[in-house]
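An overview of the molecular structure
The residues making up each chain are set out below.
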Amino acid sequence: QVQLVESGGGLVQPGGSLRLSCAASGFTLDYYAIGWFRQAPGKEREAVSCIRSSSGSTWYAASVKGRFTISGDNAKNTVYLAMNSLKPEDTAVYYCAIGRPPVYGSSCPVVSSWGQGTQVTVSS
């Protein structure tokens with residue numbers, strides 16, 4: 001039984017910052033990946049940023065590279081997404097997900113569990 005709980009969303013003005021948190025529990029994986037995904041109204045869910053537990057390697061979507069930073073705290077079993085220089089296009093529900101990593105390439109998980117999401121709204 002895996003549980004992922006997102007928090008930290010809210011309303012922020014363009015250019016502002018937010019930090020999202022994903023608290024994980026109930027999983028037993030020596031090697032896993034955690035990813036942040038987002039879904040805007042009328043849009044497909046897309047990967048934003050991912051991280052591998054084994055190497056710490058990260059991946060960022062081109063649209064957020066240089067603005068967002070993913071990190072983890074093993075002691076707290078929590079993964080964070082620091083979001084800076086936010087744009088209206090970043091408005092979406094942000095989801096945390098966990099799963100096994102692919103053999104090659106991507107740091108994003110083959111998703112086995114999703115959180116319920118946290119709303120991020122960027123508007124003046």
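This report concerns the structure included in the present document. This is a predicted model, so every value here is computed, not measured.

Calculation criteria
Residues numbered from 1 in each chain as written. Predicted model: local features only at pLDDT ≥ 70, side-chain atom pairs only at ≥ 80, totals over all residues. Heavy atoms only, no water. Helix = DSSP H or I, 4+ residues; strand = E, 2+ residues; numbered from the N terminus. Rg over C-alpha atoms; globule rule 2.2 N^0.38 Å. Buried < 20%, exposed > 50% of the residue type's maximum accessible area, 1.4 Å probe, protein only. Contact = heavy atoms within 4.5 Å. Areas by Shrake-Rupley, 256 points an atom, 1.4 Å probe, with all protein chains shown as cover. Lys, Arg positive; Asp, Glu negative; His and termini not counted. Charge placed at Lys NZ, Arg CZ, Asp CG, Glu CD.

Before going further, it helps to spend a moment on the overall build of the chain. Helix and strand counts for the chain come out as zero helices and 11 strands. Taken from the N to the C terminus, the helices and strands of the chain come in the order β-β-β-β-β-β-β-β-β-β-β. Scaling as 2.2 N^0.38, a compact globule of 124 residues should have a C-alpha radius of gyration of about 14 Å, and the chain matches this with 14 Å. Projected onto its principal axes, the C-alpha coordinates of the chain cover approximately 45 × 30 × 25 Å. The burial tally for the chain puts 41% of its 124 residues in the buried class. Considering only contacts in the chain between residues 6 or more positions apart, those separated by 24 or more positions represent 58%. Of the roughly 6,700 Å² of accessible surface on the chain, a fraction of 48% belongs to carbon and sulfur atoms. Looking at charge distribution, the chain has the averaged site of its 10 positive side-chain charges lying 3 Å from that of its 7 negative ones.

If you trace the backbone, S113 turns up in strand β10 (residues 110-114). Take S113: its relative accessible area is 15%, and that puts it in the buried class. If sequence neighbours within four positions are ignored, S113 has contacts with V2, L4, C96, A97 and I98.

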